[in-house]
Amino acid sequence: MSRIAYFGPVGTFSEQAARMFAQGENLVPVETIPAALSAVREGEAESACVPVENSVEGPVTATLDGLAEGSPLVAVAEVLLPVHFTVLVRPDVDTIRTVASHPHALAQVRHWLERNLPDAETVVASSTAAAAVGVCDGEYDAAVTAPAAAETYPLKVFAEGVADVPDARTRFLLLSPPGSLPEPTGADRTSIVAAAANRTGSLAELLTELALRDINLTRLDARPVKGNFGVYRFFLDFEGHIAEERVGDALAALRRRCEVRFLGSYPRADGARPVERDTAAEERFVSAARWVQAVRNGELA
Ligand SMILES: O=C(O)C(=O)C[C@]1(C(=O)O)C=C[C@@H](O)C=C1
(Lines give C-alpha, C1' and ligand atoms only; values in the text may rest on other atoms or scores of the structure.)
Protein backbone atom coordinates (compact mmCIF):
# COMPACT_ATOMS: atom_id res chain seq x y z
CA MET A 1 0.00 0.00 0.00
CA SER A 2 1.37 3.45 -0.79
CA ARG A 3 2.48 5.75 1.98
CA ILE A 4 2.35 9.47 2.77
CA ALA A 5 5.19 10.60 5.04
CA TYR A 6 4.06 13.63 7.05
CA PHE A 7 5.71 16.08 9.41
CA GLY A 8 4.84 14.40 12.70
CA PRO A 9 4.62 12.98 15.26
CA VAL A 10 0.92 12.04 15.49
CA GLY A 11 -1.28 15.05 16.28
CA THR A 12 0.35 17.77 14.13
CA PHE A 13 -1.51 20.04 11.73
CA SER A 14 0.46 18.22 9.03
CA GLU A 15 -1.24 14.95 10.03
CA GLN A 16 -4.62 16.64 9.65
CA ALA A 17 -3.56 17.88 6.19
CA ALA A 18 -2.26 14.41 5.24
CA ARG A 19 -5.67 12.94 6.15
CA MET A 20 -7.28 15.37 3.74
CA PHE A 21 -4.93 14.26 0.95
CA ALA A 22 -5.14 10.54 1.72
CA GLN A 23 -7.06 8.20 -0.56
CA GLY A 24 -6.35 4.99 1.29
CA GLU A 25 -2.59 5.48 1.74
CA ASN A 26 -0.83 4.67 5.00
CA LEU A 27 0.15 7.80 6.92
CA VAL A 28 3.70 7.64 8.24
CA PRO A 29 4.83 10.25 10.81
CA VAL A 30 8.44 11.45 10.60
CA GLU A 31 10.23 13.83 12.96
CA THR A 32 11.22 16.68 10.65
CA ILE A 33 10.35 18.29 7.32
CA PRO A 34 13.69 17.24 5.71
CA ALA A 35 13.00 13.67 6.89
CA ALA A 36 9.57 13.72 5.19
CA LEU A 37 11.19 14.84 1.92
CA SER A 38 13.99 12.26 2.26
CA ALA A 39 11.44 9.49 2.83
CA VAL A 40 10.09 10.16 -0.69
CA ARG A 41 13.52 10.63 -2.25
CA GLU A 42 14.67 7.33 -0.80
CA GLY A 43 11.53 5.44 -1.78
CA GLU A 44 10.28 4.87 1.78
CA ALA A 45 7.08 6.77 0.93
CA GLU A 46 5.37 7.70 -2.32
CA SER A 47 4.56 11.24 -1.20
CA ALA A 48 5.16 13.73 1.61
CA CYS A 49 2.82 16.17 3.33
CA VAL A 50 4.52 19.28 4.72
CA PRO A 51 3.55 22.88 5.55
CA VAL A 52 4.76 25.50 3.06
CA GLU A 53 3.39 28.86 4.24
CA ASN A 54 1.36 30.39 7.01
CA SER A 55 -0.74 33.53 6.73
CA VAL A 56 0.83 35.03 9.86
CA GLU A 57 4.42 33.80 9.90
CA GLY A 58 5.05 33.45 6.17
CA PRO A 59 7.18 30.75 4.55
CA VAL A 60 8.14 27.48 6.17
CA THR A 61 11.81 27.74 5.34
CA ALA A 62 12.67 24.07 5.96
CA THR A 63 10.23 23.15 3.18
CA LEU A 64 11.52 25.78 0.74
CA ASP A 65 15.18 24.88 1.34
CA GLY A 66 14.39 21.17 1.11
CA LEU A 67 12.70 21.61 -2.28
CA ALA A 68 15.46 23.75 -3.79
CA GLU A 69 18.11 21.06 -3.38
CA GLY A 70 18.31 17.28 -3.63
CA SER A 71 16.47 15.21 -6.20
CA PRO A 72 13.42 17.07 -7.56
CA LEU A 73 10.02 16.76 -5.93
CA VAL A 74 6.85 18.34 -7.25
CA ALA A 75 3.64 19.43 -5.56
CA VAL A 76 0.59 17.53 -6.81
CA ALA A 77 -2.00 18.98 -4.41
CA GLU A 78 -2.43 21.60 -1.68
CA VAL A 79 -4.76 22.13 1.26
CA LEU A 80 -5.39 25.17 3.41
CA LEU A 81 -6.08 24.57 7.09
CA PRO A 82 -7.48 27.09 9.55
CA VAL A 83 -4.97 27.40 12.38
CA HIS A 84 -5.87 27.98 16.01
CA PHE A 85 -4.14 26.31 18.87
CA THR A 86 -4.86 24.30 22.01
CA VAL A 87 -2.57 24.70 25.02
CA LEU A 88 -2.02 21.35 26.73
CA VAL A 89 -0.53 20.81 30.20
CA ARG A 90 0.37 17.80 32.32
CA PRO A 91 -2.61 16.99 34.55
CA ASP A 92 -0.48 17.42 37.72
CA VAL A 93 1.10 20.78 36.89
CA ASP A 94 0.34 23.77 39.20
CA THR A 95 2.64 26.45 37.79
CA ILE A 96 3.45 26.67 34.09
CA ARG A 97 7.14 27.58 33.88
CA THR A 98 7.88 26.45 30.32
CA VAL A 99 5.74 26.43 27.14
CA ALA A 100 7.04 24.61 24.08
CA SER A 101 6.04 24.50 20.42
CA HIS A 102 7.15 24.81 16.82
CA PRO A 103 8.55 28.33 16.18
CA HIS A 104 5.71 29.10 13.75
CA ALA A 105 3.14 28.19 16.38
CA LEU A 106 4.87 30.25 19.11
CA ALA A 107 4.95 33.24 16.78
CA GLN A 108 1.20 32.94 16.24
CA VAL A 109 0.35 33.02 19.97
CA ARG A 110 3.00 35.52 21.19
CA HIS A 111 0.44 38.07 22.46
CA TRP A 112 -1.72 35.41 24.06
CA LEU A 113 1.32 34.09 25.95
CA GLU A 114 2.27 37.61 27.08
CA ARG A 115 -1.21 38.13 28.46
CA ASN A 116 -1.92 34.69 29.91
CA LEU A 117 1.45 33.15 30.81
CA PRO A 118 3.76 36.18 31.16
CA ASP A 119 6.25 34.38 33.41
CA ALA A 120 6.57 31.21 31.36
CA GLU A 121 9.70 30.66 29.30
CA THR A 122 9.05 29.66 25.67
CA VAL A 123 10.99 26.71 24.31
CA VAL A 124 11.30 25.70 20.66
CA ALA A 125 10.28 22.12 19.77
CA SER A 126 10.57 20.38 16.40
CA SER A 127 6.77 20.44 15.90
CA THR A 128 3.58 21.22 17.81
CA ALA A 129 3.03 17.52 18.59
CA ALA A 130 6.70 16.97 19.52
CA ALA A 131 6.09 19.66 22.17
CA ALA A 132 3.12 17.64 23.49
CA VAL A 133 5.35 14.54 23.67
CA GLY A 134 7.88 16.65 25.62
CA VAL A 135 5.15 17.67 28.10
CA CYS A 136 4.18 13.99 28.57
CA ASP A 137 7.87 13.21 29.22
CA GLY A 138 8.17 16.01 31.80
CA GLU A 139 10.53 18.14 29.65
CA TYR A 140 8.13 21.13 29.51
CA ASP A 141 5.02 22.14 31.47
CA ALA A 142 2.84 23.17 28.52
CA ALA A 143 2.66 22.76 24.74
CA VAL A 144 0.98 24.91 22.07
CA THR A 145 -0.53 22.29 19.79
CA ALA A 146 -3.02 21.56 17.05
CA PRO A 147 -6.50 20.81 18.49
CA ALA A 148 -6.07 17.16 17.37
CA ALA A 149 -3.19 16.66 19.82
CA ALA A 150 -5.69 16.92 22.72
CA GLU A 151 -7.21 13.64 21.53
CA THR A 152 -3.86 11.90 21.10
CA TYR A 153 -1.89 12.73 24.25
CA PRO A 154 -2.95 12.16 27.89
CA LEU A 155 -2.76 15.87 28.73
CA LYS A 156 -5.16 18.45 30.13
CA VAL A 157 -6.60 21.26 28.00
CA PHE A 158 -5.50 24.58 29.54
CA ALA A 159 -6.88 26.77 26.71
CA GLU A 160 -8.55 26.29 23.34
CA GLY A 161 -9.06 28.40 20.23
CA VAL A 162 -5.82 30.32 20.94
CA ALA A 163 -4.71 32.59 18.07
CA ASP A 164 -3.41 36.17 18.01
CA VAL A 165 -4.71 36.61 14.48
CA PRO A 166 -8.21 35.31 13.81
CA ASP A 167 -8.63 33.41 10.55
CA ALA A 168 -4.96 32.35 10.34
CA ARG A 169 -4.26 29.60 7.81
CA THR A 170 -1.43 27.30 6.85
CA ARG A 171 -1.01 25.88 3.35
CA PHE A 172 0.27 22.32 3.02
CA LEU A 173 1.65 20.55 -0.05
CA LEU A 174 1.52 16.95 -1.11
CA LEU A 175 4.86 16.28 -2.82
CA SER A 176 5.83 13.40 -5.10
CA PRO A 177 8.73 12.57 -7.41
CA PRO A 178 8.23 14.02 -10.93
CA GLY A 179 5.69 11.98 -12.88
CA SER A 180 2.41 12.73 -14.57
CA LEU A 181 1.08 16.16 -13.63
CA PRO A 182 -2.38 16.79 -12.19
CA GLU A 183 -4.86 17.80 -14.91
CA PRO A 184 -5.48 21.56 -15.22
CA THR A 185 -8.73 22.62 -13.53
CA GLY A 186 -8.89 26.31 -14.47
CA ALA A 187 -8.07 27.22 -10.84
CA ASP A 188 -4.45 26.09 -10.52
CA ARG A 189 -1.20 27.27 -9.04
CA THR A 190 2.31 26.79 -10.40
CA SER A 191 5.38 26.84 -8.14
CA ILE A 192 8.99 27.29 -9.20
CA VAL A 193 12.35 28.23 -7.75
CA ALA A 194 14.47 30.53 -9.89
CA ALA A 195 18.15 31.37 -9.46
CA ALA A 196 18.03 34.99 -10.68
CA ALA A 197 21.49 36.33 -11.52
CA ASN A 198 23.11 38.73 -9.04
CA ARG A 199 22.93 41.81 -11.27
CA THR A 200 20.79 44.92 -11.74
CA GLY A 201 17.25 44.20 -12.78
CA SER A 202 17.42 40.41 -12.98
CA LEU A 203 14.52 39.81 -10.57
CA ALA A 204 12.50 42.60 -12.20
CA GLU A 205 13.05 40.89 -15.58
CA LEU A 206 11.67 37.59 -14.25
CA LEU A 207 8.62 39.28 -12.78
CA THR A 208 8.10 41.21 -16.02
CA GLU A 209 7.91 37.93 -17.96
CA LEU A 210 4.92 37.01 -15.77
CA ALA A 211 3.37 40.48 -15.83
CA LEU A 212 3.57 40.66 -19.65
CA ARG A 213 1.52 37.50 -19.86
CA ASP A 214 -0.92 38.75 -17.22
CA ILE A 215 0.07 36.00 -14.80
CA ASN A 216 -0.71 36.92 -11.22
CA LEU A 217 1.98 36.15 -8.66
CA THR A 218 0.58 34.62 -5.45
CA ARG A 219 3.82 34.39 -3.43
CA LEU A 220 7.44 35.51 -3.70
CA ASP A 221 10.08 34.43 -1.20
CA ALA A 222 13.82 34.77 -1.26
CA ARG A 223 16.09 32.24 0.43
CA PRO A 224 19.85 32.51 0.67
CA VAL A 225 21.97 30.05 -1.27
CA LYS A 226 23.88 28.57 1.63
CA GLY A 227 27.63 29.10 1.59
CA ASN A 228 27.31 31.93 -0.94
CA PHE A 229 26.62 35.11 1.04
CA GLY A 230 24.47 37.63 -0.79
CA VAL A 231 23.19 35.14 -3.39
CA TYR A 232 19.48 34.24 -3.30
CA ARG A 233 17.00 31.86 -4.82
CA PHE A 234 13.49 33.13 -5.51
CA PHE A 235 10.44 30.99 -4.86
CA LEU A 236 7.57 32.06 -7.07
CA ASP A 237 3.99 30.84 -6.94
CA PHE A 238 1.66 32.10 -9.62
CA GLU A 239 -1.76 31.45 -11.06
CA GLY A 240 -2.19 28.93 -13.85
CA HIS A 241 -0.99 25.49 -14.97
CA ILE A 242 2.04 24.59 -17.09
CA ALA A 243 -0.35 22.90 -19.54
CA GLU A 244 -1.72 26.36 -20.42
CA GLU A 245 -0.07 28.03 -23.36
CA ARG A 246 0.62 31.34 -21.59
CA VAL A 247 2.07 29.67 -18.50
CA GLY A 248 4.28 27.39 -20.61
CA ASP A 249 5.37 30.45 -22.60
CA ALA A 250 6.25 32.33 -19.38
CA LEU A 251 8.16 29.36 -17.98
CA ALA A 252 10.16 29.06 -21.19
CA ALA A 253 10.98 32.79 -20.98
CA LEU A 254 12.12 32.41 -17.35
CA ARG A 255 14.16 29.34 -18.25
CA ARG A 256 15.95 31.30 -20.98
CA ARG A 257 17.00 33.85 -18.38
CA CYS A 258 18.12 31.65 -15.50
CA GLU A 259 18.12 28.22 -13.88
CA VAL A 260 14.57 27.21 -12.98
CA ARG A 261 13.36 24.26 -10.94
CA PHE A 262 9.72 23.34 -11.53
CA LEU A 263 7.92 22.61 -8.24
CA GLY A 264 4.52 21.68 -9.64
CA SER A 265 1.21 22.80 -11.20
CA TYR A 266 -1.71 21.73 -9.02
CA PRO A 267 -5.29 22.73 -8.18
CA ARG A 268 -5.65 25.66 -5.78
CA ALA A 269 -7.29 24.74 -2.50
CA ASP A 270 -9.42 27.91 -2.54
CA GLY A 271 -10.64 27.24 -6.10
CA ALA A 272 -9.87 30.85 -7.09
CA ARG A 273 -9.71 31.35 -10.87
CA PRO A 274 -7.39 33.92 -12.41
CA VAL A 275 -8.95 37.14 -13.64
CA GLU A 276 -7.87 37.21 -17.30
CA ARG A 277 -7.42 40.33 -19.35
CA ASP A 278 -8.72 39.81 -22.85
CA THR A 279 -5.30 40.28 -24.50
CA ALA A 280 -3.76 37.67 -22.20
CA ALA A 281 -6.58 35.13 -22.47
CA GLU A 282 -5.44 31.55 -22.98
CA GLU A 283 -7.30 31.35 -26.27
CA ARG A 284 -5.36 34.40 -27.59
CA PHE A 285 -2.06 32.65 -26.74
CA VAL A 286 -3.15 29.50 -28.51
CA SER A 287 -4.41 31.30 -31.62
CA ALA A 288 -1.31 33.57 -31.75
CA ALA A 289 0.98 30.49 -31.58
CA ARG A 290 -1.07 28.90 -34.38
CA TRP A 291 -0.75 32.08 -36.46
CA VAL A 292 3.09 32.06 -36.07
CA GLN A 293 3.13 28.42 -37.14
CA ALA A 294 0.98 29.18 -40.17
CA VAL A 295 3.30 32.08 -41.14
CA ARG A 296 6.29 29.75 -40.78
CA ASN A 297 4.56 27.23 -43.00
CA GLY A 298 4.06 29.92 -45.63
CA GLU A 299 0.29 29.70 -45.29
CA LEU A 300 -0.31 33.22 -43.97
CA ALA A 301 1.37 36.61 -43.75
O1 LIG B 1 2.23 20.62 11.54
C2 LIG B 1 2.44 21.13 12.64
O3 LIG B 1 1.70 20.95 13.61
C4 LIG B 1 3.62 22.00 12.83
O5 LIG B 1 4.23 21.95 13.84
C6 LIG B 1 4.02 22.94 11.75
C7 LIG B 1 3.27 24.23 11.62
C8 LIG B 1 4.06 25.19 10.66
O9 LIG B 1 5.16 24.88 10.26
O10 LIG B 1 3.55 26.25 10.33
C11 LIG B 1 1.97 23.98 10.99
C12 LIG B 1 0.91 24.77 11.18
C13 LIG B 1 0.92 25.84 12.17
O14 LIG B 1 0.99 27.07 11.46
C15 LIG B 1 2.06 25.77 13.10
C16 LIG B 1 3.11 24.92 12.88
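Every value quoted in this text rests on a predicted model; they were computed, and no experiment measured them.

Q: Explanation requested: empty space enclosed by the protein in the structure shown.
A: The rolling of a water-molecule-sized probe over the atoms marks out the regions of remaining empty space. Counting across every chain of the model gives three cavities of 30 Å³ or more. For the largest cavity, the calculated volume is near 200 Å³. Taken together, 17 residues make up the lining of the largest cavity; nearest its centre are Phe13, Pro51, His102, His104 and Thr128. Here the second largest cavity is characterised by a volume of approximately 50 Å³. Lining the second largest cavity we find Val52, Leu64, Leu67, Arg171, Leu173, Ser191, Arg219, Phe235, Asp237, Leu263 and Tyr266. Looking at the lining of the second largest cavity residue by residue, the classes come out as seven nonpolar, one polar and three charged.

Q: Hey, could you run me through the sheet that holds strand β12 (residues 188-195) in this one?
A: Within a sheet, each strand pairs with its neighbour through backbone hydrogen bonds, oriented either parallel or antiparallel. Here four strands make up an open sheet; going across it, the order is β13-β14-β12-β15 and the pairing antiparallel. Lying at the two open borders of the sheet, with one neighbouring strand each, are β13 (217-224) and β15 (259-267). On average, each strand axis in the sheet is tilted by 15 degrees relative to the strand beside it, whichever way the strands run. Helix α8 (residues 202-212) rests against β12, β13 and β14 (232-239) of the sheet, and its axis sits at about 15 degrees to β14.

Q: Which parts of the structure should I look at to understand the domain arrangement of the protein?
A: How big an interface is tends to be stated in terms of the accessible area lost upon association of its parts. For the protein, the domain assignment lists domain 1 (85-162) and domain 2 (180-301). Placing the centre of domain 1 and that of domain 2 at their C-alpha centroids yields a distance of 42 Å.

Q: Help me understand a nonpolar patch on the surface, please; the structure alone is not making it clear to me.
A: There is a patch of nonpolar side chains on the surface, built from Trp291, Val292, Val295 and Leu300 and spanning about 340 Å² of accessible area. In this fold, Leu300 is placed in the segment after α10 (282-296).

Q: Sorry, what's going on with the UniProt feature "domain: Prephenate dehydratase" (unreviewed entry) in the protein here?
A: Residues given the UniProt feature "domain: Prephenate dehydratase" (unreviewed entry) here are residues 3-177. With 30% helix and 35% strand, the stretch residues 3-177 has end C-alpha atoms that lie 13 Å from each other.

Q: I tried to follow the packing of α8 against helix α9 (residues 245-257) on my own but got confused; where do I start?
A: The axes of two packed helices give the description: the angle between them and the distance between them. Across the interface, α8 lies against α9 with an axial gap of 9 Å and an inter-helix angle of 165 degrees. Between α8 and α9, the crossing angle belongs to the class labelled roughly antiparallel. Classified by chirality, the crossing of α9 by α8 is right-handed. Residues Glu205, Leu206, Glu209 and Leu210 of α8 lie in contact with α9, whose contacting residues are Ala250, Ala253, Leu254 and Arg257. Counted by class, the contact of α8 with α9 contains five nonpolar, no polar and three charged residues.

Q: Would you mind going over the packing of helix α2 (residues 33-41) against helix α3 (residues 61-68) with me for this structure?
A: For the pair α2 and α3, the least separation of the axes is 9 Å and the interaxial angle reads 30 degrees. As the angle between them shows, α2 and α3 are arranged roughly parallel. Note on packing geometry: the crossing formed by α2 with α3 is right-handed. Where α2 abuts α3, its residues Ile33, Leu37 and Arg41 lie against Ala62, Thr63, Gly66 and Leu67. Here the residues of the contact of α2 with α3 sort into four nonpolar, two polar and one charged.

Q: Help me understand the environment of Gly264 in this model?
A: With respect to the helices, strands and loops of the structure, Gly264 is situated in strand β15. For the pair Gly264 and Leu88, spaced 176 residues apart in sequence, the C-alpha separation works out to 37 Å. When residues no more than four places from it in sequence are discounted, the contact partners of Gly264 are Val74, Ala75, Arg189, Thr190 and Ser191.

Q: Would you take a moment to explain the pattern of salt bridges for this structure?
A: Here the idea is simple: oppositely charged side chains can pair when their charged atoms come close. One pass over the full model with this rule turns up 22 salt bridges. Between Glu209 and Arg213 there is a salt bridge, with its nearest N and O atoms 2.9 Å apart. A salt bridge links Glu244 to Arg246; the nearest nitrogen and oxygen atoms lie 3.9 Å apart. For the pair Glu244 and Arg246, one class covers both residues: buried.

Parameters at a glance
- Residues numbered from 1 in each chain as written.
- Predicted model: local features only at pLDDT ≥ 70, side-chain atom pairs only at ≥ 80, totals over all residues.
- Heavy atoms only, no water.
- 1 Å grid on protein atoms, 1.4 Å probe; cavity = no way out; pocket = protein on both sides within 12 Å on 5 of 7 lines; lining within 4 Å.
- Points joined across faces, edges and corners; volume = space filled by probe spheres on them.
- Nonpolar A, V, L, I, M, F, W, Y, C, P; charged D, E, K, R; others polar.
- Pairing = 2+ DSSP bridges.
- Helix = DSSP H or I, 4+ residues; strand = E, 2+ residues; numbered from the N terminus.
- Axes fitted to C-alpha atoms, helices over the stretch in contact; angles between N-to-C directions.
- Contact = heavy atoms within 4.5 Å.
- Domains from an automatic or database assignment.
- Patch = residues over 30% accessible without salt bridge, like charges linked within 9 Å, V, L, I, M, F, W, Y side chains within 5 Å.
- Areas by Shrake-Rupley, 256 points an atom, 1.4 Å probe, with all protein chains shown as cover.
- Salt bridge = Lys/Arg side-chain N within 4 Å of Asp/Glu carboxyl O.
- UniProt positions renumbered as here; feature names shortened; annotations may be inferred.
- Parallel < 35°, antiparallel > 145°, perpendicular 65-115°, else oblique.
- Left-handed = near helix turned anticlockwise from the far one by under 90°.
- Buried < 20%, exposed > 50% of the residue type's maximum accessible area, 1.4 Å probe, protein only.

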